[in-house]
Structure formats: structure tokens, C-alpha cells
Amino acid sequence: MKPILSILLMFVVTGPAYASIYLGSQEYPGNPVLAVDARAMGMGGVSLAYEGGLSSFHNPALLSSLTGRQISFSYGLMPVRERVIEEDELSYYNSEIFFSAPSFSLAFPVGKGIAFELAGFPVLDFRYQHKKSIFQEDQPTEMKGLNTIESKGNLTSYTPALSLKLTSWLSVGVSYGVLRGKREGEEREEDFQVGSSTSAKVNAKISGQRVGLGIRLSTGETSIGLFYKCATRVSADWEIEQDGFKTENDYKFKMPESWGIGFSHYYSGSRSELCAEIVHTPWSYFQVEKDTYTERPFYRDTTEFRVGAEHSLSDRVKIRYGFSFLPFYGDRAVEEASFTLGIGVYPSESVQLDIGSTYGKSQFKGFFSSDDRVDETVMRLLFTGRLRF
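Because the structure is predicted, anything quoted here is derived from the model rather than measured. (Residues numbered from 1 in each chain as written. Predicted model: local features only at pLDDT ≥ 70, side-chain atom pairs only at ≥ 80, totals over all residues. Heavy atoms only, no water.)

K.L.:
Run through the overall build of the chain, naming residues and quoting values.
P.N.:
If you tally the helices and strands in the chain, you get two helices and 20 strands. Per-residue burial for the chain yields a buried fraction of 50% across its 389 residues. Excluding contacts between residues fewer than 6 apart, the proportion of contacts in the chain whose partners are at least 24 apart in sequence is 63%. In the form shown here, the chain has an accessible surface area of approximately 17400 Å², with 57% of it arising from carbon and sulfur atoms. (Helix = DSSP H or I, 4+ residues; strand = E, 2+ residues; numbered from the N terminus. Buried < 20%, exposed > 50% of the residue type's maximum accessible area, 1.4 Å probe, protein only. Contact = heavy atoms within 4.5 Å. Areas by Shrake-Rupley, 256 points an atom, 1.4 Å probe, with all protein chains shown as cover.)

Pasting the structure below:
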């Protein structure tokens, strides 16, 4: 159990922090949450100045643009394909399809210039699976064992948000996320020749809260959005089981703050909108608080970049595309670059249907041996339905 026991423990220690934990990275198996609505996903995940989507996940100040009540629901899937190049340059493939955790939102104006939203959405999806078949050296076609890494669960934020329009060009917003989740992880090593198997398991119950603040400056066709997520502490009650023995412990993690700025401009002549944004997180301040001491892993700070565009083909059909660059705070080799596409179909003023998709690539070291290399392709497909009334 030499690599995965520590891998699972490290995931429990670090996992609850971030809305973009990178699938397949060596210490942090899990699914990235680039966006929780298809409109934003189709435009590279832009969400700080761009109206539409789920405001409490992004910039709560955008709620001020609401003119009526609306309900939205999102659901999707994520195919993953990995090519593992081993030390001897032989390769094997690992493919899985995961369904994403759903998100929902109810938003409505409550007074002049005041709007409220109640939402639930995943900030981390822990589901992941990786299998490696073991073959006999003298009979390469005869399988003698199987190694498996499996992770389940998600971390969900139940979030009320409030926005206030102070002037015709300035809006502010605040959100309060209550984090609740569960994560199960296991590594299994099976030997078919002797009929034996060993495993290590980790289970964690995760809880916390996080406050988000947002500002939107708008001059009609041009908008600037700013957000700030406060540093906070997250608790994880974890249990590890190996060889029939169980160990329990409680950790608290000091999560770093994060902030970002976004730009959006609408070109009325071509009925197009262009958006760009950057998000910075100083991960070097991350800390693990244990019973008698505090531990700092000394992660590197990250700056994400996203850009996207939307074109109106008609009043009922919109097309979108974008790009996102998502650096990883633990290892530069796991940085992910993704291209995105999307479409919006609006049968009426009250019914909106959006589809967003991403295609991303990354490379990292292998799970079972640090000499292995993994070329990973991650695709995401997200569907959002929105009803305005």
C-alpha cells in the first residue's frame, strides 16, 4: 500500500479547498469544477463580469441584473481517457465516464435594486477510478493481478447570496457558502494467482463555510467584475482502514483567500460579447492544523486565466467558445489547458436551454510508479435549463 495510503491521506488534508482540484494528479484525484452552469462553461468558465449563470458560485454582485424570478438546474457528464507510458515505454489505457453532481438555483428580486439567490452546487467532485492490469512476465497476455484506485463523493456548497444595486453603474454582493460533503477512497491490489487481495481505505466527512464578496461596475456595454473569497477553516473527520486496523482523527485546514477581476464588453453592432478574467489564489498560505502543531506544505501560488466569447445568431440561438488555463498549486506538471464550446437555445423569453463543453489536456507522473507518465484527456458536457417567470 506504499503510494496510495499517503495519496488518500493527502487528499483528505487538501481536498476541500478548491473548486478546481485536478483530476488524476498524483496526490489529488478528483474532478475539477470549472463551472456549474453551461453558459459559463461554454465561454471558458468566465463568470466575474459576464451576466447569466449561477451568480453565487461566481460573483454575487451580478444578481443585481435580475429583472424577474428564475429557477435553474444543471447536470452533466465527464468522459476521461488516460494513456499511461511506463518506465519500459510500454503503454496502457484507462477510460471512465462520470456523471457530475447536479446544481440548482432560485433567484428573484426582493425590492428596488435588491436581489436574492439560494443555490446548491458542487465545489469538488471526488469521483475517480484508475485500473492497472498486471501481466506475467513470461506470458505477457496472461493477467495475474489488478491494481485499482477508486474515489467517490463530492463537496457541496449550499449558498444564499444577496446583491444590492447602489447606483446605475455600481452593484455589490455577498454570499455565504455552507460546505458539506463526504469522500470515500480506496486502493486495492489483487493477486489472481494466489487468490488474495489487500486494500487501504479512507473515509472523510467534510464541513465548513466560506464568505464571498463581489463588485460589478457597468457602463452599459462594458462591465468589470471583482470578487474576493475570504480565508477560512475547513474541518475533516477522517477514518483510515488498513489490514483490519482503523484510525480516526480530526484536522482543520486554513484555506487561503482568493480574488479575481473580470472584463466583459458587448459589441452591439455584431451582437457579440467578449469576456476575460484572471483569478489568483495564494496557496503558499495553506496550513494544516493538527492537535499539537501546525503544518504548512508550501504550495505554490496560482493564477488562472479564462477568456470567452458569445455570438447571437438570432434572438433564440447563441453560440459560445473559450479557453481556460488552470495551473495546479502542487505540481507544475499538472497544469491543464482546455478549449470550450457551447450553444444556447431560447424557445421563448421564459425558457432557456444551454449546453457547454470542454476539452482539456494535462500530463503528470503515474500513480503506481513515479517513473510512469500519464497523458490525460478530460472532456466535460454540461446541460442547464432555466425558467424565468
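Continuing now.
K.L.:
So what about the packing of aromatic side chains? Which residues, and what values?
P.N.:
Throughout the structure, instances matching the rule amount to six aromatic pairs. Judged by centre distance (5.2 Å) and plane angle (90°), the rings of Phe57 and Phe121 are edge-to-face. In this pair, Phe57 is assigned in the loop between helix H2 (38-41) and strand S1 (70-85) and Phe121 in strand S4 (residues 114-125), connecting sequence segments 64 residues apart. With respect to class, Phe57 is no different from Phe121; both count as buried. Look at Trp283 and Phe286: their rings are 6.1 Å apart centre to centre, the planes differ by 50°, and that puts the pair in the tilted class. In this structure, Trp283 and Phe286 share a single accessibility class: buried. Taken together, the ring pairs connect Trp283, Phe286 and Tyr299 into an aromatic cluster. (Phe/Tyr/Trp six-rings, centres within 6.5 Å; stacked < 30°, edge-to-face > 60°.)

K.L.:
Run through the pairing of strand S9 (residues 222-229), naming residues and quoting values.
P.N.:
The sheet contact formed by strand S8 (residues 196-218) and S9 spans seven bridges and is antiparallel. Bridging from a neighbouring strand, Leu213 pairs with Tyr228 of S9. Connecting S8 to the next strand, S9, in antiparallel fashion are three residues, including Gly220 with a positive phi near 100°. As defined by bridge partners, S9 adjoins strand S12 (residues 258-267) across eight bridges and the pair is classed as antiparallel. (Pairing = 2+ DSSP bridges.)

K.L.:
Account for the environment of Phe253, naming residues and giving values.
P.N.:
Mapped onto the secondary structure, Phe253 falls in strand S11 (residues 245-255). Along the primary structure Phe253 and Val234 are separated by 19 residues, whereas in three dimensions their C-alpha atoms are 5.2 Å apart.

K.L.:
Tell me about unusual backbone geometry, residues and numbers included.
P.N.:
The backbone of Arg271 sits at a positive phi, close to 55°, despite the residue not being glycine. Inspection of the secondary structure puts Arg271 in the loop between S12 and strand S13 (272-281). Taking the relative accessible area as the measure of exposure, Arg271 reaches 31% and is therefore partly exposed.

K.L.:
Hey, could you go over the confidence of the model for the chain for me, with residue numbers and the actual values?
P.N.:
For the chain, per-residue confidence averages 83 on the pLDDT scale, and 89% of positions sit at 70 or higher. Considering each helix and strand of the chain separately, the mean pLDDT is smallest for helix H1 (residues 2-14), with a value of 38, and largest for S9, with 95. A low-confidence stretch, residues 1-30 (pLDDT under 50), is modelled with 123 contacts involving residues beyond four sequence positions or located in other chains. (pLDDT = per-residue confidence, 0-100.)

K.L.:
Explain a nonpolar patch on the surface to me, and be specific about the residues and the numbers.
P.N.:
Taken together, the side chains of Val110, Ile114, Leu162, Leu164, Leu166, Val174, Leu213, Tyr228 and Trp259 define a hydrophobic patch exposed on the protein surface, amounting to about 710 Å² of accessible area. If you trace the backbone, Tyr228 turns up in strand S9. Taking relative accessible area as the criterion, Tyr228 reaches 30% and is therefore assigned partly exposed. (Patch = residues over 30% accessible without salt bridge, like charges linked within 9 Å, V, L, I, M, F, W, Y side chains within 5 Å. Salt bridge = Lys/Arg side-chain N within 4 Å of Asp/Glu carboxyl O.)

K.L.:
I'd like a description of a negative patch on the surface, backed by residues and values.
P.N.:
A contiguous patch of negative charge, built from Asp237, Glu248, Asp250 and Asp291, is present on the exposed surface. Taking the relative accessible area as the measure of exposure, Asp250 reaches 45% and is therefore partly exposed. (Lys, Arg positive; Asp, Glu negative; His and termini not counted. Charge placed at Lys NZ, Arg CZ, Asp CG, Glu CD.)

K.L.:
Provide a residue-level description of the pairing of strand S6 (residues 143-165), including the pertinent values.
P.N.:
Relative to S6, S4 runs antiparallel, the two sharing eleven bridges. Each residue of the ladder has a partner; that of Phe121, found in S6, is Ser157. Where strand S5 (residues 128-135) and S6 come together, eight bridges link them in antiparallel fashion. Across the sheet, the residue bridging to His130 is Ile149, located in S6. Relative to strand S7 (residues 170-191), S6 runs antiparallel, the two being bridged by 19 bridges. Among the inter-strand pairings, Asn147 is bridged to a residue of S7, identified as Glu189. Two successive antiparallel strands, S6 and S7, enclose a turn made up of four residues.

K.L.:
Describe the side chain of Arg183, and please don't skip the residues or the numbers.
P.N.:
Relative to the helices and strands, Arg183 resides in strand S7. We note that Arg183 is buried and unpaired, the nearest opposite charge coming from Glu184 at a distance of 9.1 Å. Looking at Arg183, its side chain comes within polar contact range of the side chain of Ser151, at 3.1 Å. (Polar contact = N/O pair within 3.5 Å; in protein donor to acceptor, adjacent residues only side chain to side chain.)

K.L.:
Explain the environment of Met379 to me, and be specific about the residues and the numbers.
P.N.:
On the secondary structure map, Met379 appears in strand S20 (residues 373-388). We classify Met379 as partly exposed; its relative accessible area is 33%. Counting along the chain gives 299 residues from Met379 to Val80, while the straight-line C-alpha distance between them is 6.4 Å. Beyond its immediate sequence surroundings of up to four residues, Met379 is in contact with Leu77, Met78, Pro79, Thr358 and Tyr359.

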